[in-house]
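Inside the fold
The chain contents come next:
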Amino acid sequence: MLLLRWLGLLCLITYAPASETPGSRHTNNWAVLVCTSRFWFNYRHMANTLGMYRTVKRLGIPDSHIILMLADDAACNPRNMFAGTVYSNAARMLDLYGENIEVDYRGEEVSVENFIRLLTGRVPEGTPNSKRLNTDENSNVFVYMTGHGGDEFLKFQDSEEISAFDLADAFEQMSQKHRFNELFFMADTCQANTLYSKIYTPNVLATGCSAKGENSYSHHADQDIGVAVIDRFTHFVLNFLEGVNKTSQTTMQSLFDRYSFDEMHSNPGVRSDLFDRSLGQVLLTDFFGGVSAVEPLTHLTLQPQPNDLPNWT
């Protein structure tokens with residue numbers, strides 16, 4: 001047992017995570033995935049979010065590190081002729097709902113107040129861990145939001161809005177409270193690029209599907225379901241991520257280079273001026289994947305005592 005203990009300590013000292021690129025200091029990844037829309041005709045926003053949920057789980061982020069917020073439940077809607085399911089393609093090849101989904105905030109719980117409290121760690125006392133973003137200064141955080149929006153705002157539940165200023169201030173509070181190492185914000189909504197226009201916090205990378213004055217468009221509809229089942233931007237992002245595995249060396253720059261007006265019918269944007277790493281050095285898995293690593297204890301000096309060594313006689 002003593003020998004195994006020494007070997008374990010040596011692993012802590014010498015092991016450097018293979019998934020980390022130079023300059024990446026994170027040791028854990030989290031995802032906050034938010035569908036802000038309710039009602040059946042917004043089925044595609046729920047499918048957007050569930051598609052992203054499936055992808056980050058496949059790439060290694062555990063449910064314990066994913067906060068899933070769905071303002072409505074299309075799977076249980078009485079209009080859903082395929083009860084208990086959500087699909088993002090008309091061929092219905094893959095059920096995004098399934099049996100292993102863990103929704104953390106449902107229905108009216110998906111509010112601007114709860115979202116900001118979640119990010120900033122100001123949830124009410126007694127809130128279970130499943131509804132807390134338990135991040136720290138070593139966490140990389142991916143925040144994905146989809147719904148109906150406009151110039152510098154995103155609607156929640158068709159009854160309230162979060163503004164670009166609200167988002168910027170929430171990210172700054174997170175930074176001041178050491179709640180992330182790096183943060184990646186992605187929005188799929190009309191005029192999405194305006195949502196990140198007010199961010200002023202270092203180490204935040206952001207992208208959106210459409211410029212000011214532009215719409216976010218659906219990709220296609222399912223005639224049996226009767227509504228559009230996914231948005232164009234999220235569809236093509238998810239298609240790109242399908243070619244990525246947990247050990248992939250594909251970079252964020254590769255994803256952004258794939259953006260196309262011809263495919264998305266809008267001008268996706270990227271804001272990287274606050275981010276201190278070259279996008280060609282940032283792996284997709286730095287945000288979309290899990291981290292199978294321990295934190296190296298390079299400062300530790302081992303000084304074994306004679307009595308600690310195994311007795312082979």
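Residues numbered from 1 in each chain as written. Predicted model: local features only at pLDDT ≥ 70, side-chain atom pairs only at ≥ 80, totals over all residues. Heavy atoms only, no water.

Bringing the overall build of the protein into the picture now. Along the backbone of the protein there are eight helices and twelve strands. Buried residues in the protein amount to 53% of all 313 residues. Considering only intrachain contacts with a sequence separation of at least 6, the fraction spanning at least 24 residues in the protein is 74%. Looking at the protein as shown, the accessible area adds up to about 14200 Å², and 51% of this sits on carbon and sulfur atoms. (Helix = DSSP H or I, 4+ residues; strand = E, 2+ residues; numbered from the N terminus. Buried < 20%, exposed > 50% of the residue type's maximum accessible area, 1.4 Å probe, protein only. Contact = heavy atoms within 4.5 Å. Areas by Shrake-Rupley, 256 points an atom, 1.4 Å probe, with all protein chains shown as cover.)

Residue Gln 191 is not a glycine yet carries a positive backbone phi of 55°. Inspection of the secondary structure assignment puts Gln 191 in the loop between β8 (182–188) and β9 (204–208). We note that Asn 203 has phi near 70°; this positive angle belongs to a residue other than glycine. Here Asn 203 lies in the loop between β8 and β9.

So, about the packing of aromatic side chains. Applying the stated criterion to the full structure yields 14 aromatic pairs. Each residue in the set Phe 142, Tyr 144, Phe 184, Phe 233, Phe 256, Tyr 259, Phe 275, Phe 287 and Phe 288 is aromatic and connected to the rest through ring pairs, giving one cluster. Note that Lys 131 overlies the ring of Tyr 105, its terminal NZ or CZ placed 5.3 Å from the centroid. (Phe/Tyr/Trp six-rings, centres within 6.5 Å; stacked < 30°, edge-to-face > 60°. Lys NZ or Arg CZ within 6 Å of the ring centre and 35° of its normal.)

Structurally, the position occupied by Thr 36 is in the loop between β1 (28–35) and α2 (43–58). Within the structure, Thr 36 has its side chain in polar contact with the backbone oxygen of Lys 155 (distance 2.7 Å). Discounting chain neighbours no more than four positions away, the residues touching Thr 36 are Ala 71, Met 145, Thr 146, Gly 147, His 148, Leu 154, Lys 155, Phe 156 and Gln 157. (Polar contact = N/O pair within 3.5 Å; in protein donor to acceptor, adjacent residues only side chain to side chain.)

It is worth spelling out the pairing of strand β10 (residues 218–222) at this point. By the bridge criterion, four bridges tie β10 to strand β11 (residues 227–231) in an arrangement that is antiparallel. Of the residues in β11, the one forming a bridge with Asp 222 is Val 227. (Pairing = 2+ DSSP bridges.)

Packing of α2 against helix α5 (residues 232–241) brings their axes to within 10 Å, and their N-to-C directions diverge by 15°. The angle between α2 and α5 places the two elements in the roughly parallel class. Two packed elements cross with a definite hand, and for α2 against α5 that hand is left-handed. Here α2 contributes Asn 48, Gly 51, Met 52, Thr 55 and Arg 58 to the contact with α5, which in turn contributes Thr 234, Val 237, Leu 238 and Leu 241. Its residues placed into classes, the contact of α2 with α5 shows four nonpolar, four polar and one charged. (Axes fitted to C-alpha atoms, helices over the stretch in contact; angles between N-to-C directions. Parallel < 35°, antiparallel > 145°, perpendicular 65-115°, else oblique. Left-handed = near helix turned anticlockwise from the far one by under 90°. Nonpolar A, V, L, I, M, F, W, Y, C, P; charged D, E, K, R; others polar.)

In this structure, Glu 263 sits in helix α7 (residues 261–264). Residue class for Glu 263 comes out buried when judged on its relative accessible area of 19%. A distance of 2.8 Å separates the side chain of Glu 263 from the side chain of Arg 258, its partner in a polar contact. Contact partners of Glu 263, with chain neighbours within four places excluded, come to Arg 232, Phe 236 and Arg 258.

Grouped together as the largest cluster of nonpolar side chains are 87 residues, with contacts concentrated most on Phe 115, Phe 142, Phe 185 and Phe 288. Per-element accounting of this core gives the leading share, seven residues, to α2. Residues in contact with Phe 142, not counting those within four places in the same chain, are Trp 30, Ala 31, Val 32, Leu 33, Met 52, Val 56, Phe 184, Met 186, Phe 287 and Phe 288. (Core = buried A, V, L, I, M, F, W, Y, C linked by side-chain atoms within 4.5 Å.)

With that out of the way, let us pick up the UniProt feature "active site" (unreviewed entry) in the protein. This chain's UniProt record puts "active site" (unreviewed entry) on His 148 and Cys 190. These annotated residues cover 43 residues of sequence, and their C-alpha atoms lie no more than 6.5 Å from one another, placing them together at a single site. Along the chain, His 148 turns up in the loop between β4 (139–146) and β5 (149–150). A distance of 2.6 Å separates a polar atom in the side chain of His 148 from a polar atom in the side chain of Asn 42. Its place among the elements puts Cys 190 in the loop between β8 and β9. When neighbours within four sequence positions are excluded, Cys 190 is seen to be in contact with Gly 149, Gly 150, Ser 210, Glu 214, Asn 215 and Ser 216. (UniProt positions renumbered as here; feature names shortened; annotations may be inferred.)

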